[in-house]
Amino acid sequence: MAQLTARNAVAAALAQEMARDDRVVLLGEDITSGGVFKTTAGLVDRFGTDRVRDTPISEQAIVGAAMGAAMAGMRPVAEIMFADFYATCWDQVVNEIAKTRYMTGGQVTLPLVLRGANGFGAMGFGSQHGQGCENWAMCVPGLKIVAPSGPVEMMGLLAAAVRDDDPVLFFEHKALYPLKEERPEGEQYIPLGVARLVREGTDVTLVALSITVGICERAADELAAHGMSAEVIDLRTLVPLDARTVLGSARKTGRVVIVEENPGQLGWGAGVAALVAEEAFHDLVAPVRRISGGNVPWPVARELEAAVGVTAGRVVAAALHETSRHT
Amino acid sequence: MAQLTARNAVAAALAQEMARDDRVVLLGEDITSGGVFKTTAGLVDRFGTDRVRDTPISEQAIVGAAMGAAMAGMRPVAEIMFADFYATCWDQVVNEIAKTRYMTGGQVTLPLVLRGANGFGAMGFGSQHGQGCENWAMCVPGLKIVAPSGPVEMMGLLAAAVRDDDPVLFFEHKALYPLKEERPEGEQYIPLGVARLVREGTDVTLVALSITVGICERAADELAAHGMSAEVIDLRTLVPLDARTVLGSARKTGRVVIVEENPGQLGWGAGVAALVAEEAFHDLVAPVRRISGGNVPWPVARELEAAVGVTAGRVVAAALHETSRHT
Amino acid sequence: MGSDPAGTGLATADDTGIGLYRDMAFVRRFLEVVDSAYRDGEVHGPAHLGLGQEAIAVGAASVLRPGDASIGTYRGHAHALARGASPEAVLRELLGRAGGICGGKGGSMHITSVEHGYYGSYAIVGAHLPIACGLAWAATLQHSDRVTVCFFGDGTVNIGAFHEALNLAAVWRLPVVFVCENNQYMEYTPISAMIPVRRPAADRASAYGLEPLTVDGNDVNAVREVVGSAVETARGGGGPALIEADTYRLRGHSAADPAAYRPAEEVRAWGAKDPLLRQRSVLAAEGVPADELDAVDAAVRSSVDDLLDRARAAPAPDPQDAWTDMWSDGDSQWRN
Amino acid sequence: MGSDPAGTGLATADDTGIGLYRDMAFVRRFLEVVDSAYRDGEVHGPAHLGLGQEAIAVGAASVLRPGDASIGTYRGHAHALARGASPEAVLRELLGRAGGICGGKGGSMHITSVEHGYYGSYAIVGAHLPIACGLAWAATLQHSDRVTVCFFGDGTVNIGAFHEALNLAAVWRLPVVFVCENNQYMEYTPISAMIPVRRPAADRASAYGLEPLTVDGNDVNAVREVVGSAVETARGGGGPALIEADTYRLRGHSAADPAAYRPAEEVRAWGAKDPLLRQRSVLAAEGVPADELDAVDAAVRSSVDDLLDRARAAPAPDPQDAWTDMWSDGDSQWRN
Ligand SMILES: Cc1ncc(C[n+]2csc(CCOP(=O)(O)OP(=O)(O)O)c2C)c(N)n1
Ligand SMILES: Cc1ncc(C[n+]2csc(CCOP(=O)(O)OP(=O)(O)O)c2C)c(N)n1
Ligand SMILES: [Mg+2]
Ligand SMILES: [Mg+2]
């Protein structure tokens with residue numbers, strides 16, 4: 001069976017959707033050359049320069065053009081090379097795109113996707129190219145937020161994002177790009193808003209997103225060695241959030257550890273923790289724990305990155321700590 | 001005794017600090033005319049156009065100029081007229097100001113303040129002029145975040161923000177501007193990072209910030225009428241966060257209701273709730289409740305604003321609900 | 001030229017001098033009514049009026065085809081009306097009544113009528129210029145001859161979004177016409193104090209490889225001519241244009257602003273250049289008797305006053321409307 | 001001209017032609033060493049090198065006074081070294097060793113040496129231009145004659161921050177000199193494809209009321225002349241300048257980029273304009289024997305190779321350093 005890397009999965013999903021709907025068009029910096037992460041490789045050759053457009057270094061113009069085109073009936077997919085750059089066009093994202101449907105009383109619909117490389121991954125990208133920016137968006141109603149955990153997920157969820165009639169921010173963790181999986185046959189599509197039960201367990205629930213799904217799977221393996229059965233949930237999307245699946249698992253295991261790569265100061269981990277603590281309170285036998293990145297801008301030297309990052313070991317320790325105290 | 005409105009408190013704090021330190025300079029749009037919210041009234045007459053500078057409509061240039069001047073030894077205070085406009089200069093705030101001290105290994109210090117009107121308040125400003133943006137900042141380590149609850153607090157906390165050697169985002173809720181209090185004698189200064197115990201109570205802890213402090217005080221009155229003693233805490237600052245005070249109160253009352261004006265999807269309310277649920281778990285007799293604004297962009301018509309806003313009534317209902325169920 | 005099915009709005013089928021006068025008079029009266037309603041506390045939230053700038057909205061709209069797109073700022077009432085938006089629906093929105101054109105969720109700063117090609121009023125300075133590029137880009141992708149006209153103010157030329165949008169429009173040769181309504185002021189600050197050139201827009205056109213186009217924005221016929229030719233150039237594939245239209249707002253930045261910062265002499269001088277007076281003298285020169293125009297004024301006045309009565313009589317909006325128009329599938333939840 | 005106490009860096013006290021050559025040769029060798037270290041996997045994270053652009057960094061730095069400020073991009077190694085930053089501390093940062101100039105928290109994209117007036121390397125395109133305005137504004141407030149020089153690339157002229165910074169600098173008449181290093185490319189895209197004018201910076205100067213200044217960026221003496229006079233004008237209160245310096249990067253956008261998108265002929269042609277060859281021929285014409293310059297090359301090579309050995313020999317950083325330099329009071333906590 002053919003292999004699929006996450007970076008190829010992006011191009012494959014875009015090709016799949018561009019083939020089935022000619023309203024889907026791409027724009028972004030250096031994308032006709034395949035993109036700096038090679039996530040748009042081959043698309044210009046297949047679909048031409050009208051539908052795959054290079055832009056100036058003008059993120060506000062890129063995102064604004066996507067919004068205007070969507071208002072006029074197209075289905076643009078704009079690449080923001082690194083999620084950190086959303087800060088340079090944040091107004092277009094949160095004040096225009098997130099609000100215009102509502103503030104016009106539903107006169108416009110904005111079927112567009114903003115996508116690009118996201119996250120830390122201890123890859124030496126530092127503080128201005130290593131942020132996970134899904135939390136910035138989660139503070140603002142009106143945006144759907146997707147962050148896949150691997151190649152096949154990447155392809156199916158991106159297809160769903162492109163078909164969605166509302167604006168979707170699609171966060172591709174840059175550490176996943178080289179990951180390989182077997183490519184399933186045929187069209188890929190994974191609906192938004194449905195969490196994935198990665199593995200069943202009975203003693204503790206590990207809630208993860210994107211890069212931390214793999215971390216939690218490794219943690220679950222270690223916990224099994226300690227005789228602890230961990231359930232692992234991949235949220236897949238923050239908006240819409242599949243709270244029901246998380247709450248159901250929390251009620252079953254009574255213990256929840258939420259694992260987020262971003263700084264814990266404020267992020268989706270806190271949002272999910274608050275939700276579980278409020279709605280599953282009477283079934284919890286231990287406090288909801290959060291494992292998250294250090295509350296600093298990211299450093300670069302390997303030893304420093306290791307000090308602020310999230311590891312399976314930290315997840316295991318948190319899970320064991322609770323059981324030792326509460327069983 | 002002289003009266004102090006919150007809008008005058010801003011000008012008074014700036015005047016106090018400009019008088020004691022001539023490195024303090026102001027810049028922003030239309031500020032020499034007193035500002036569109038009259039928060040800089042009289043300052044240009046007293047301190048001159050070198051220290052009180054009108055700018056073009058260029059938020060990136062305003063914030064960048066503040067950062068550069070701070071690197072070179074000044075202590076700039078930049079006005080961002082409405083917090084919503086941070087989106088137009090978000091890169092300068094979160095990628096440059098929040099990170100440069102750290103990423104240069106401490107080679108620079110950035111004593112600057114970004115301040116302006118913030119929040120909803122059901123004043124008809126709509127989705128692009130009514131946001132509370134403190135949550136956007138809380139997702140990013142490296143920024144101190146202050147949001148006062150009234151005139152005297154406004155003056156003392158702004159003075160502390162100006163004297164702080166790190167970047168401070170100062171959020172002035174626009175609904176507070178007309179509020180009046182007696183102006184205390186002499187210099188005002190309230191240290192950052194120390195929450196205010198607004199009122200003592202034994203049955204439930206109401207955690208508030210900025211505009212919701214008043215809402216919680218009204219709720220506490222109503223709860224008293226129901227024979228319930230509510231403790232009200234004004235966080236004052238989100239970073240540094242006085243978690244100790246919140247946790248201490250939570251352990252004492254065993255019940256916590258967190259009241260935030262912003263959409264509840266993700267915000268400081270979730271951050272504080274997650275913290276309490278994790279660290280005070282064993283003392284909680286009821287789940288941590290959150291009361292927050294609707295998860296929509298803000299509407300404008302009065303009846304619609306009322307539907308999405310936070311009210312004392314909602315706070316009271318949440319507090320009573322828990323006691324009825326758990327005592 | 002826009003048209004209003006209900007027949008209460010800008011219904012000029014012909015673009016005769018009198019028709020243009022009538023439309024400007026209608027907008028003028030409409031804005032005056034909003035101004036007084038604001039002072040009476042009937043408008044919740046700020047209201048930015050285009051009093052004195054009617055010739056730009058009416059003149060530009062008069063050269064557009066129904067399928068064309070326009071987009072503007074919080075000072076957008078005139079532009080919505082000029083494209084044919086229902087004045088009663090706009091008024092209901094301004095007064096916070098049921099049946100508002102944005103369902104009570106936009107208010108004065110976000111008047112929109114996509115049905116009439118007016119893609120909205122945006123309240124973040126500069127934000128809608130990149131969006132206008134997208135509307136124009138879509139036209140090229142759809143092989144449509146739709147042209148997009150984007151209105152903004154003089155103070156907007158100093159914000160990054162202006163620069164990025166003009167550059168993209170020029171590089172992609174998009175069918176978009178940018179019209180800078182130079183009313184001489186930002187909020188309280190004269191634009192001359194905030195630019196290193198004399199003309200905010202025209203003196204920057206060359207940075208985008210564009211011609212420095214200017215027009216007397218208080219002369220509706222001149223506006224028709226200059227905007228009209230730029231629109232047809234864009235329609236023909238000739239690329240974008242940047243037009244600076246000189247004008248003046250007769251009142252404050254918003255209805256709450258007394259505008260005391262403006263020299264009385266300046267206000268007087270511009271008052272004499274009022275676009276309605278200008279068109280009256282043009283028509284007088286063409287032999288149109290003054291009483292004919294007085295009759296137009298009277299008719300406009302009574303129709304706007306009727307609108308006001310009807311809007312005031314409308315019921316309050318249903319609070320449940322706060323939960324509609326969130327997601328395209330009708331849902332308003334972010335979680336299950 | 002910068003100077004390095006440790007004596008291992010750019011120590012030219014005089015600005016003779018040979019001194020300038022030596023500094024360019026030093027930077028060139030330094031960058032080549034970084035390039036090969038990157039390929040050997042010794043550099044964690046991306047590395048953007050200024051190979052071929054040495055004349056701009058060295059020439060501009062040579063006309064600055066110790067108190068002057070400069071600021072640049074992720075492609076900033078040359079600019080830090082040219083101001084006198086310790087090459088060993090820079091190299092330690094690049095190799096992720098203890099004693100890195102940013103303590104291991106900046107890496108290749110954020111090399112900074114405030115001690116030498118180099119206020120940092122910023123990795124968001126355009127972000128540092130407004131910051132440069134602030135450095136310059138502070139000088140006027142402090143009644144200092146400090147001048148700020150801001151370096152950026154051709155692709156940067158299309159982002160909003162460029163426009164806002166140039167306008168503010170011009171309106172406030174700030175003592176700042178903007179130097180656009182036009183190396184002809186963004187990442188993989190030629191700038192000519194993304195601007196509607198011929199010269200990315202010079203053809204936009206007039207939008208800010210500035211002169212269209214250009215210079216051959218591979219001629220260190222021309223750079224000294226053009227940047228030098230702009231700096232002295234700014235110092236004298238004459239306001240800002242925007243200079244476009246033509247140059248070319250000899251390698252890819254980053255050390256990971258083979259730059260296959262560039263026509264071989266173009267690469268060859270620019271290779272012939274290498275700033276080091278240029279200065280060699282200038283010196284030859286002045287009668288400097290080639291072997292004297294060969295000796296300079298050899299000396300530079302051995303000193304850079306020594307640096308590399310020392311940097312490699314340095315210990316790994318202490319993981320606890322991740323928790324320093326957060327808040328100015330030394331604390332790293334956000335809560336109690
Ligand atoms: C990014 C941003 N900054 C500031 C404001 C506040 N503001 C609203 S209107 C205005 C003045 C705009 O002037 P101009 O572009 O000339 O338009 P006019 O109001 O004169 O029509 C300002 C500063 C804003 N809405 N958005
Ligand atoms: C706002 C932003 N958009 C995109 C990028 C990604 N990026 C990094 S360098 C670069 C090209 C910059 O070209 P230029 O300004 O000519 O500088 P050069 O690299 O040629 O020195 C791009 C697009 C970025 N860092 N910041
Ligand atoms: Mg104006
Ligand atoms: Mg370049």
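A few points on the structure. Remember, it's a predicted structure, so these values are computed and weren't measured experimentally. (Residues numbered from 1 in each chain as written. Chains lettered and ligands numbered in written order. Predicted model: local features only at pLDDT ≥ 70, side-chain atom pairs only at ≥ 80, totals over all residues. Heavy atoms only, no water.)

### Looking at the overall build of chain A
Part 1 of the reasoning: In terms of regular secondary structure, chain A is built from 12 helices and 14 strands.
Part 2 of the reasoning: Taking 20 Å as the expected radius of gyration for a compact globule of 327 residues, we find that chain A reaches 20 Å, a close match to that expectation.
Part 3 of the reasoning: Based on the C-alpha atoms only, the size of chain A along its principal axes is roughly 60 × 45 × 40 Å.
Part 4 of the reasoning: In chain A, buried positions account for 75% of the 327 residues.
Part 5 of the reasoning: Considering only intrachain contacts with a sequence separation of at least 6, the fraction spanning at least 24 residues in chain A is 82%.
Part 6 of the reasoning: Carbon and sulfur atoms make up 48% of the accessible area of chain A, which amounts to about 8,200 Å² in all.
Part 7 of the reasoning: Separation of charge centres in chain A, based on 29 positive and 39 negative side chains, amounts to 2 Å. (Helix = DSSP H or I, 4+ residues; strand = E, 2+ residues; numbered from the N terminus. Rg over C-alpha atoms; globule rule 2.2 N^0.38 Å. Buried < 20%, exposed > 50% of the residue type's maximum accessible area, 1.4 Å probe, protein only. Contact = heavy atoms within 4.5 Å. Areas by Shrake-Rupley, 256 points an atom, 1.4 Å probe, with all protein chains shown as cover. Lys, Arg positive; Asp, Glu negative; His and termini not counted. Charge placed at Lys NZ, Arg CZ, Asp CG, Glu CD.)

### Digging into the sheet that holds strand 13 (residues 256-263) of chain B
Residue and element names in this part refer to chain B.
Part 1 of the reasoning: Strands sit in the order 9-11-10-13-14 across an open sheet of 5 strands; the sheet is mixed. The strands lining the two open edges of the sheet, one partner per strand, are strand 9 (196-199) and strand 14 (289-293). The mean inter-strand angle of the sheet, taken between neighbouring strand axes irrespective of direction, is 25°.
Part 2 of the reasoning: Across 4 bridges, the pairing between strand 13 and strand 14 is parallel. Paired with P263 across the bridge in strand 14 is G293.
Part 3 of the reasoning: Running over the sheet, helix 8 (residues 211-225) touches strand 9, strand 10 (204-208), strand 11 (230-234) and strand 13 and is turned about 160° from strand 10. (Pairing = 2+ DSSP bridges. Axes fitted to C-alpha atoms, helices over the stretch in contact; angles between N-to-C directions.)

### Topic: the coordination of the magnesium ion (ligand 3)
All names here are of chain C.
Part 1 of the reasoning: On the protein side, the magnesium ion (ligand 3) has D154 (OD), N183 (OD1) and Y185 (O) as donor atoms, found 2.0 to 2.2 Å from it.
Part 2 of the reasoning: On the basis of relative accessibility, which here comes to 0%, the residue D154 falls in the buried class.
Part 3 of the reasoning: Assessed through its relative accessible area of 5%, N183 is described here as buried. (Donors = N, O, S within 2.8 Å, 3.2 Å for Na, K, Ca; no water.)

### So, the interface of chain B and chain D
Part 1 of the reasoning: Contacts between the two partners involve 52 residues from chain B and, on the opposite side, 39 residues from chain D.
Part 2 of the reasoning: Here chain B packs against chain D, burying approximately 3,800 Å² in sum over the two surfaces, 62% of which is carbon and sulfur.
Part 3 of the reasoning: Of all residues in chain B, Y102, M103 and Q107 of chain B bury the most surface against chain D, accounting for 18% of the area lost on that side.
Part 4 of the reasoning: Taken together, the connections running from chain B to chain D amount to 1 salt bridge.
Part 5 of the reasoning: Of the charged contacts in the structure, one is a salt bridge between E279 of chain B and R335 of chain D, with a shortest N-O distance of 2.6 Å.
Part 6 of the reasoning: At the level of secondary structure, the elements contributing two or more residues to the side of chain B that touches chain D comprise strand 2 (24-28), strand 3 (52-54), helix 3 (59-71), helix 4 (90-97), helix 5 (100-103), strand 12 (237-239), helix 9 (243-253) and helix 10 (268-279) of chain B.
Part 7 of the reasoning: At 9 residues, the largest contribution of residues to the side of chain B that touches chain D is made by helix 3 of chain B. (Buried area = accessible area lost by both parts, 1.4 Å probe. Salt bridge = Lys/Arg side-chain N within 4 Å of Asp/Glu carboxyl O.)

### Concerning the relation of the copies chain B and chain A
Part 1 of the reasoning: When chain B is brought onto chain A, the operation consists of a screw motion whose angular component is 180° and whose axial shift is 0.0 Å, with 0.0 Å RMSD remaining. The relationship between the two copies is best expressed as a two-fold rotation axis. Across chain B, the smallest distance between a C-alpha and the rotation axis is recorded for A274 of chain B, namely 2.4 Å.
Part 2 of the reasoning: With an isologous cut-off of 70% or more, the 100% of interface residues of chain B that recur at the interface of chain A puts this contact in the isologous class. (Least-squares fit on C-alpha atoms with pLDDT ≥ 70 in both.)

### Brief notes about the site of ligand 2
Part 1 of the reasoning: As a matter of local geometry, ligand 2 sits amid 22 residues, with E59 of chain A together with Y74, R75, G155 and T156 of chain D nearest to it.
Part 2 of the reasoning: Surrounding ligand 2 are residues belonging to chains A and D, so the site spans chains.
Part 3 of the reasoning: Take Y185 of chain D: an N or O atom from its main chain is 3.1 Å from an oxygen atom of ligand 2.
Part 4 of the reasoning: When the free accessible area of ligand 2 is taken as 580 Å², the share hidden by the protein chains comes to 97%. (Near = heavy atom within 4 Å. Polar contact = N/O pair within 3.5 Å; in protein donor to acceptor, adjacent residues only side chain to side chain.)

### Quick notes on the interface of chain B and chain A
Part 1 of the reasoning: Taken together, the contact pairs 52 residues of chain B with 52 residues of chain A.
Part 2 of the reasoning: Interface area, chain B with chain A, both sides summed: about 4,400 Å², of which 61% is carbon and sulfur.
Part 3 of the reasoning: Our enumeration of links across chain B and chain A arrives at 2 salt bridges.
Part 4 of the reasoning: Inspection of the region where chain B meets chain A yields 16 residue pairs in polar contact (both at pLDDT 80 or more).

### Notes on the environment of Q184 of chain D
Residues and elements named next belong to chain D.
Part 1 of the reasoning: Looking at the element boundaries, Q184 is found in the loop between strand 4 (176-182) and strand 5 (213-216).
Part 2 of the reasoning: Measuring from C-alpha to C-alpha, the distance between Q184 and G153 comes to 8.8 Å, with 31 residues separating the pair along the chain.
Part 3 of the reasoning: With near-sequence residues (within four places) excluded, Q184 lies in contact with D154, P190, I191, D246, T247, Y248 and W270.
Part 4 of the reasoning: Reaching out from Q184, the side chain makes a polar contact with the side chain of D246 at a distance of 2.7 Å.

### Concerning the nonpolar core
Part 1 of the reasoning: Membership of the largest hydrophobic core comes to 323 residues, with the highest contact counts inside it found for Y86 of chain A, Y86 of chain B, F178 of chain C together with F178 of chain D.
Part 2 of the reasoning: Excluding anything up to four places from it in sequence, F178 of chain C contacts L129, A132, C133, C150, F152, A165, L166, A169, A241, L242 and I243 of chain C. (Core = buried A, V, L, I, M, F, W, Y, C linked by side-chain atoms within 4.5 Å.)

### Quick notes on the packing of helix 3 of chain B against helix 4 of chain B
The geometry of a pair of packed helices is captured by two quantities: the angle between their axes and the separation between those axes.
All names here are of chain B.
Part 1 of the reasoning: Orientation of helix 3 relative to helix 4, taken along the N-to-C sense of each, is 30°, at an axis distance of 8 Å. Taken together, the axes of helix 3 and helix 4 are roughly parallel relative to one another. Contact residues: helix 3 offers Q60, V63, G64 and M67, while helix 4 offers Q92, V93, E96 and I97.
Part 2 of the reasoning: For the contact of helix 3 with helix 4, the per-class residue count stands at 4 nonpolar, 3 polar and 1 charged. (Parallel < 35°, antiparallel > 145°, perpendicular 65-115°, else oblique. Nonpolar A, V, L, I, M, F, W, Y, C, P; charged D, E, K, R; others polar.)

### Observations regarding the coordination of the magnesium ion (ligand 4)
Residues and elements named next belong to chain D.
Part 1 of the reasoning: Protein coordination of the magnesium ion (ligand 4) is provided by D154 (OD), N183 (OD1) and Y185 (O), with donor distances spanning 2.0 to 2.2 Å.
Part 2 of the reasoning: Ordering the donors of the magnesium ion (ligand 4) by residue number gives the pattern D-x28-N-x1-Y. Like N183, the residue Y185 is buried in the burial classification.

### Digging into the side chain of N95 of chain B
Part 1 of the reasoning: Mapped onto the elements of the fold, N95 of chain B is located in helix 4.
Part 2 of the reasoning: A polar atom in the side chain of N95 of chain B sits 2.8 Å from the side chain of Q131 of chain A.
Part 3 of the reasoning: Every residue in contact with N95 of chain B, bar those within four places of it in the chain, is listed here: D84, A87, Q128, Q131 and W136 of chain A, W90 of chain B together with I124 of chain D.

### Focus on the site of ligand 1
Part 1 of the reasoning: Close contacts around ligand 1 come from 22 residues, with E59 of chain B together with Y74, R75, G155 and T156 of chain C the closest.
Part 2 of the reasoning: Neighbouring residues of ligand 1 are not confined to one chain but are distributed across chains B and C.
Part 3 of the reasoning: Here a nitrogen atom of ligand 1 sits 2.9 Å away from a polar atom, N or O, in the main chain of A123 of chain C.
Part 4 of the reasoning: Residue G155 of chain C places a main-chain N or O atom 2.8 Å away from an oxygen atom belonging to ligand 1.
Part 5 of the reasoning: Surface burial for ligand 1 is 97%, taken as the share of its 580 Å² of free accessible area covered by protein chains.
Part 6 of the reasoning: Tallied by class, the residues present in the shell around ligand 1 amount to 10 nonpolar, 7 polar and 5 charged.

### Brief notes about the sheet that holds strand 4 (residues 75-82) of chain B
Residue and element names in this part refer to chain B.
Part 1 of the reasoning: With mixed pairing, the 7 strands of this open sheet are ordered in space as 3-2-4-5-7-6-12. Looking at the sheet topology across the chains shown, the edges are occupied by strand 3 and strand 12. On average, each strand axis in the sheet is tilted by 20° relative to the strand beside it, whichever way the strands run.
Part 2 of the reasoning: Judged from the 6 bridges that link them, strand 5 (residues 113-118) and strand 7 (residues 168-173) form a sheet pairing that is parallel. Bridging from a neighbouring strand, V113 pairs with V168 of strand 7.
Part 3 of the reasoning: Relative to strand 2, helix 1 (residues 6-20) is tilted by about 140°, and along the sheet it contacts strand 2, strand 3, strand 4, strand 5 and strand 7.
Part 4 of the reasoning: Against the sheet, helix 7 (residues 151-163) makes contact with strand 2, strand 4, strand 5, strand 6 (144-146) and strand 7, and its axis sits at roughly 160° relative to strand 7, the strand it touches most.

### Remarks on the packing of aromatic side chains
Part 1 of the reasoning: This structure, assessed with the given rule, holds 35 aromatic pairs over all chains.
Part 2 of the reasoning: Ring centres 6.3 Å apart and planes at 65° place the aromatic pair Y86 of chain B and W90 of chain B in the edge-to-face group.
Part 3 of the reasoning: Looking at W90 of chain B, the relative accessible area reads 0%, which means it is buried.
Part 4 of the reasoning: Connected via pairs of aromatic rings, a cluster forms that spans F37, F82, F85, F125 and Y177 of chain A. (Phe/Tyr/Trp six-rings, centres within 6.5 Å; stacked < 30°, edge-to-face > 60°.)

### Describing the pattern of salt bridges
All names here are of chain D.
Part 1 of the reasoning: Under the criterion given, the structure shown has 77 salt bridges over all chains.
Part 2 of the reasoning: Among the salt bridges present, the one from R224 reaches D15, with a minimum N-O distance of 3.7 Å. One end of the pair, R224, is in helix 7 (residues 220-235); the other, D15, is in the segment before helix 1 (17-39), with 209 residues separating them in the sequence.
Part 3 of the reasoning: Among the residues examined, R224 registers a relative accessible area of 23% and is labelled partly exposed.
Part 4 of the reasoning: D15 gets classed as partly exposed once you look at its relative accessible area, which sits at 28%.
Part 5 of the reasoning: Close ionic contact of D297 with R280 constitutes a salt bridge, the shortest N to O distance being 2.9 Å. Of this pair, D297 sits in helix 10 (residues 290-313) while R280 is found in helix 9 (residues 275-285), placing the two residues 17 residues apart along the sequence.

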